[in-house]
Amino acid sequence: MTVLHASGVQIYQCKRANDGRLLWTFSAPEATLKDDTGQLVVKHYAGPTWEAPDGSKVTGKVLRQTPNAQVPDSIPLLLLQATSAGGPGVLARTRYVQRLNTQGGQALPQICTQEGQENRMPYRSDYVFLE
């Protein structure tokens, strides 16, 4: 088990819904994950994917999500199952990823006004990589 601390953004795009309204729609995460000493260990991006400097990486799919009851305006807590892993290294044997202790990252409450507009909402969380 490895616990890393993320700092980054949740990226939202302004898209037109089926009913014609413009809404903020989640696009991708963009974050760096560091260990307890502040050393960069993993980059997190669309997929969702986590990639280490040693070339190992894992992509996951959401199994469960629940609101963060302690910090209501934050992105949900997640449990993801690894759907693929690549390369030998720190992430090679990861089977599950948990996102815990989320702070921030939610889309703006107001409706977006221009299709294609992007919004980057800062967030922090802990990620637990389970073998």
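Data block above holds the structure.
Everything quoted here is computed from the prediction, not taken from an experiment.

**Quick look at the overall build of the chain**
And step 1. If you tally the helices and strands in the chain, you get 0 helices and 8 strands.
And step 2. Scanning the chain from its N terminus toward the C terminus, one meets helices and strands in the order β-β-β-β-β-β-β-β.
And step 3. Here the C-alpha atoms of the chain give a radius of gyration of 15 Å, agreeing with the 14 Å that 2.2 N^0.38 yields for 131 residues.
And step 4. With respect to the three principal axes, the spread of C-alpha positions in the chain is 45 × 30 × 25 Å.
And step 5. When burial is assessed residue by residue, the chain has 35% of its 131 residues classed as buried.
And step 6. Of the accessible surface of the chain, which amounts to about 7,600 Å², a share of 50% is contributed by carbon and sulfur atoms.
And step 7. Averaging the locations of the 13 positively and 11 negatively charged side chains of the chain gives two centres separated by 5 Å.

**Considering the pattern of salt bridges**
And step 1. According to the stated counting rule, one finds 5 salt bridges in the structure shown.
And step 2. Across the pair R120 and E118 runs a salt bridge whose closest N-O atoms are separated by 3.5 Å.
And step 3. According to the relative accessible area criterion, R120 is partly exposed, its value standing at 37%.

**A look at the pairing of strand β8 (residues 118-130)**
Put simply, side chains in a regular strand alternate between the two faces of the sheet.
And step 1. Here strand β1 (residues 2-16) pairs with β8 via 12 bridges, running antiparallel. In the sheet register, I11 faces β8, and the bridge partner there is R120.
And step 2. Relative to β8, strand β7 (residues 96-104) runs antiparallel, the two being bridged by 7 bridges. If you follow Y96 over to β8, its bridge partner there is L130.

Rules of the game
Residues numbered from 1 in each chain as written. Predicted model: local features only at pLDDT ≥ 70, side-chain atom pairs only at ≥ 80, totals over all residues. Heavy atoms only, no water. Helix = DSSP H or I, 4+ residues; strand = E, 2+ residues; numbered from the N terminus. Rg over C-alpha atoms; globule rule 2.2 N^0.38 Å. Buried < 20%, exposed > 50% of the residue type's maximum accessible area, 1.4 Å probe, protein only. Areas by Shrake-Rupley, 256 points an atom, 1.4 Å probe, with all protein chains shown as cover. Lys, Arg positive; Asp, Glu negative; His and termini not counted. Charge placed at Lys NZ, Arg CZ, Asp CG, Glu CD. Salt bridge = Lys/Arg side-chain N within 4 Å of Asp/Glu carboxyl O. Pairing = 2+ DSSP bridges.

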